[in-house]
Amino acid sequence: MSHTATISHETGGKIPGAHPIVGHLVPTWLLVFVGTSLLMLTVITVAVRYIDIGEFNIIVALGVALVKATLVCLFFMHLRWDRSFNTLVFVVSVVLVLLMMAFLIMDTNQYHDTQFDGNAPNAESTLQANAPGAPVARFKPYSP
């Protein structure tokens, strides 16, 4: 038995026993505006990759990604019209991810002396013994 949509949102779902078609209708112009904004933010993310602003490249890219994720959650996942508890869960999760990233970034300089330029010594000796002269990709550190 299939159900057909016999109720519209104009009636407000007041017909007994009838179910609304969807939970919330969003105007098409708003979805187009948000989609266009997401495309423009993607262009900004790609442009930041080609513009050298030093260590701020990653900060700008992560900031744009945060804005894009927020737009998707608010409008495409209807979080803007949902209960405030769900918004609280989203905000707390974003704060916890940012806190975790802050702790991870603070720890990156601790292991700077153990990072190798190219392959690790044991891997390099194995490669030279088993495949001498094979082209091996070398990591070239970024230097402005």
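In the block above lies the structure referred to throughout.
An account of the accompanying structure is given in this report. The structure presented is a predicted model; accordingly, all values stated were derived computationally and were not measured.

Regarding the overall build of the protein
- Scanning the protein from N- to C-terminus turns up four helices and zero strands.
- Along its sequence from the N terminus, the protein presents helices and strands in the succession α-α-α-α.
- In the protein, buried positions account for 11% of the 144 residues.
- Considering only intrachain contacts with a sequence separation of at least 6, the fraction spanning at least 24 residues in the protein is 40%.
- Accessible surface, the protein: about 12,000 Å² in total, of which carbon and sulfur atoms supply 68%.

What to know about helix α1 (residues 28–50)
- With 23 residues, α1 should reach 33 Å at 1.5 Å per residue; the first-to-last C-alpha distance of 34 Å fits that figure.
- Within the span of α1, buried status applies to L30, V34, S37, L38, L41 and V48.
- Along its buried surface, α1 packs onto α2 (56–76).

Some words on the nonpolar core
- In this structure, V26, L30, V34, L38, L41, V64, L71 and F75 together form the largest nonpolar core, which totals eight residues.
- For this core, the element with the most residues is α1, which contributes four residues.
- The residues touching L38, leaving out its near neighbours within four places in the chain, are K68, L71, V72 and F76.

Overview of a nonpolar patch on the surface
- Residues F85, L88, V89, V92, L96, L99, F103 and M106 make up a contiguous nonpolar surface patch of about 810 Å² in total accessible area.
- One can find F85 in helix α3 (residues 84–106).

With respect to the packing of α1 against α2
- Remark: α1 packs on α2, axes separated minimally by 10 Å, with the N-to-C direction vectors making an angle of 165°. The angle between α1 and α2 falls in the class roughly antiparallel. Where α1 crosses over α2, the two elements pack in a sense that is left-handed. Residues L30, L31, V34, G35, S37, L38, L41, T42, I44, T45 and V48 of α1 form the contact with α2, whose participating residues are N57, V60, V64, V67, K68, L71, V72, F75 and F76.

Overview of unusual backbone geometry
- Despite not being glycine, H78 shows a phi value in the positive range, around 60°.
- Position of H78 relative to the elements: it lies in the loop between α2 and α3.
- Given a relative accessible area of 28%, H78 falls into the partly exposed group.

Some details on the packing of aromatic side chains
- In the structure shown here, the tally under the stated rule is one aromatic pair.
- Taking 6.0 Å as the distance between ring centres and 70° as the angle between the ring planes, the aromatic pair formed by F75 and W81 counts as edge-to-face.
- The exposure class assigned to F75 is buried, which follows from its relative accessible area of 12%.
- Owing to a relative accessible area of 33%, W81 belongs among the partly exposed residues under this scheme.

Rules used throughout
Residues numbered from 1 in each chain as written. Predicted model: local features only at pLDDT ≥ 70, side-chain atom pairs only at ≥ 80, totals over all residues. Heavy atoms only, no water. Helix = DSSP H or I, 4+ residues; strand = E, 2+ residues; numbered from the N terminus. Buried < 20%, exposed > 50% of the residue type's maximum accessible area, 1.4 Å probe, protein only. Contact = heavy atoms within 4.5 Å. Areas by Shrake-Rupley, 256 points an atom, 1.4 Å probe, with all protein chains shown as cover. Expected span 1.5 Å × (residues − 1). Core = buried A, V, L, I, M, F, W, Y, C linked by side-chain atoms within 4.5 Å. Patch = residues over 30% accessible without salt bridge, like charges linked within 9 Å, V, L, I, M, F, W, Y side chains within 5 Å. Salt bridge = Lys/Arg side-chain N within 4 Å of Asp/Glu carboxyl O. Axes fitted to C-alpha atoms, helices over the stretch in contact; angles between N-to-C directions. Parallel < 35°, antiparallel > 145°, perpendicular 65-115°, else oblique. Left-handed = near helix turned anticlockwise from the far one by under 90°. Phe/Tyr/Trp six-rings, centres within 6.5 Å; stacked < 30°, edge-to-face > 60°.

These results come straight from atomic positions and should not be treated as a statement about function.
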